[in-house]
Amino acid sequence: MIYGDKVGLRPVEEEDLPLLAQWRNDPQSRSMFLMPFLLPVSGQKKWYEAVLNDPTQMRFMVVRLDNKAVVGTISLLHIDYRNQMAEMGSDIIIPAERGHHFGLDATRALIRYAFEELNLRRLYGKGLSANTIGMRKHMRAGFKPEGIGRKAV
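Okay, so let's go over this structure. (Residues numbered from 1 in each chain as written. Predicted model: local features only at pLDDT ≥ 70, side-chain atom pairs only at ≥ 80, totals over all residues. Heavy atoms only, no water.)

A few points about the pairing of strand 5 (residues 85–93)
Relative to strand 5, strand 4 (residues 70–80) runs antiparallel, the two sharing six bridges. Bridge pairing in strand 5 links Thr73 to Ile92. Between strand 4 and strand 5, which pair antiparallel and follow one another directly, the connecting turn spans four residues, one of which, Gln84, has a positive phi of 55°. Inspection of the sheet shows strand 5 paired to strand 6 (residues 122–125) by four bridges, in the parallel sense. Within strand 6, the position partnered with Met88 by the bridge is Gly125. Remark: the strand 5/helix 4 (residues 102–117)/strand 6 crossover connection has right-handed handedness. (Pairing = 2+ DSSP bridges. Helix = DSSP H or I, 4+ residues; strand = E, 2+ residues; numbered from the N terminus. Right-handed = clockwise from strand over helix to strand, strands pointing away.)

A word on the pattern of salt bridges
Summed over all chains, the structure comprises four salt bridges. A salt bridge links Asp16 to Arg10; the nearest nitrogen and oxygen atoms lie 2.9 Å apart. Residue class for Arg10 comes out partly exposed when judged on its relative accessible area of 21%. The salt bridge partner of Glu14 is Lys45, with a shortest N-O separation of 2.6 Å. With a gap of 31 residues between them, Glu14 in the loop between strand 2 (7–11) and helix 1 (17–25) and Lys45 in helix 3 (residues 41–52) connect regions that are remote in the sequence. In this structure Lys45 comes out as partly exposed when scored by relative accessible area, which is 32%. Put simply, Glu14, Lys45 and Glu49 are held in one network by salt bridges that share partners. (Salt bridge = Lys/Arg side-chain N within 4 Å of Asp/Glu carboxyl O. Buried < 20%, exposed > 50% of the residue type's maximum accessible area, 1.4 Å probe, protein only.)

As for the sheet that holds strand 3 (residues 58–64)
Spatially, 1-2-3-4-5-6 is the arrangement adopted by the six strands of the open sheet, whose pairing is mixed. This sheet does not close on itself; its edge strands, each paired only once, are strand 1 (2–3) and strand 6. Contacting strand 3, strand 4 and strand 5, helix 1 crosses the sheet at an angle of about 90° to strand 4. (Contact = heavy atoms within 4.5 Å. Axes fitted to C-alpha atoms, helices over the stretch in contact; angles between N-to-C directions.)

Describing the packing of aromatic side chains
On inspection of all chains with the given rule, the structure shows one aromatic pair. Ring plane angle 80° and centroid distance 6.2 Å describe the contact between Phe60 and Tyr113, whose orientation is recorded as edge-to-face. You can see Phe60 sitting in strand 3 and its partner Tyr113 sitting in helix 4, a full 53 residues away along the chain. Like Tyr113, Phe60 is buried. (Phe/Tyr/Trp six-rings, centres within 6.5 Å; stacked < 30°, edge-to-face > 60°.)

Brief notes about helix 5 (residues 132–140)
Along helix 5, the residues that are buried comprise Gly134, Lys137 and His138. Seen end-on, helix 5 carries its buried residues on one side only, within an arc spanning 95°. Those residues of helix 5 that are buried are in contact with strand 5 and helix 4. (Arc of directions from axis to C-beta.)

Quick word on unusual backbone geometry
Located in the positive-phi region is His78, a residue other than glycine, with phi close to 50°. With respect to the helices, strands and loops of the structure, His78 is situated in strand 4. Residue classification places His78 among the partly exposed positions, given a relative accessible area of 49%. The phi torsion at Gln84 lies on the positive side, around 55°, for a residue other than glycine. Using a relative accessible area of 18% as the deciding quantity, one classes Gln84 as buried.

A few points about the pairing of strand 2
When a strand is regular, its side chains alternate between the sheet's two faces. One ladder, built from two bridges, connects strand 1 with strand 2; its direction is antiparallel. Of the residues in strand 2, the one forming a bridge with Tyr3 is Gly8. Relative to strand 3, strand 2 runs antiparallel, the two sharing five bridges. Paired with Gly8 across the bridge in strand 3 is Val63.

This is how it looks when you write it as structure tokens:
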């Protein structure tokens, strides 16, 4: 487990798939995905199998340290070990747990892991301009804006 102050990060397991499909299909969460399609659990299983066979991504469940409840997800994507960089993937914090800074704590924990254990030197992220909370969280975690992809989405 990767530890933050309030949360831990553990790898996604097969038993997480029904919960992930539920979160993925939530209208509020789905609106922040670049591909906002409904996904059945069988589709989530195909995604999981692809993740297991792809060394360029790491997917984690965000777990509260105080009560062990799973509250979200976070990822490293497009990991380029040669050039020591990766993309911070979109995270989901379930609506009932938002406002407690679990997403910020998870982001900071994953940044430490990426730099200190994976020996990466650069992390970048992409986000929708409508996701002001996510953008603000990344800025608080130390990200700097580099550009805007006009008409990219």
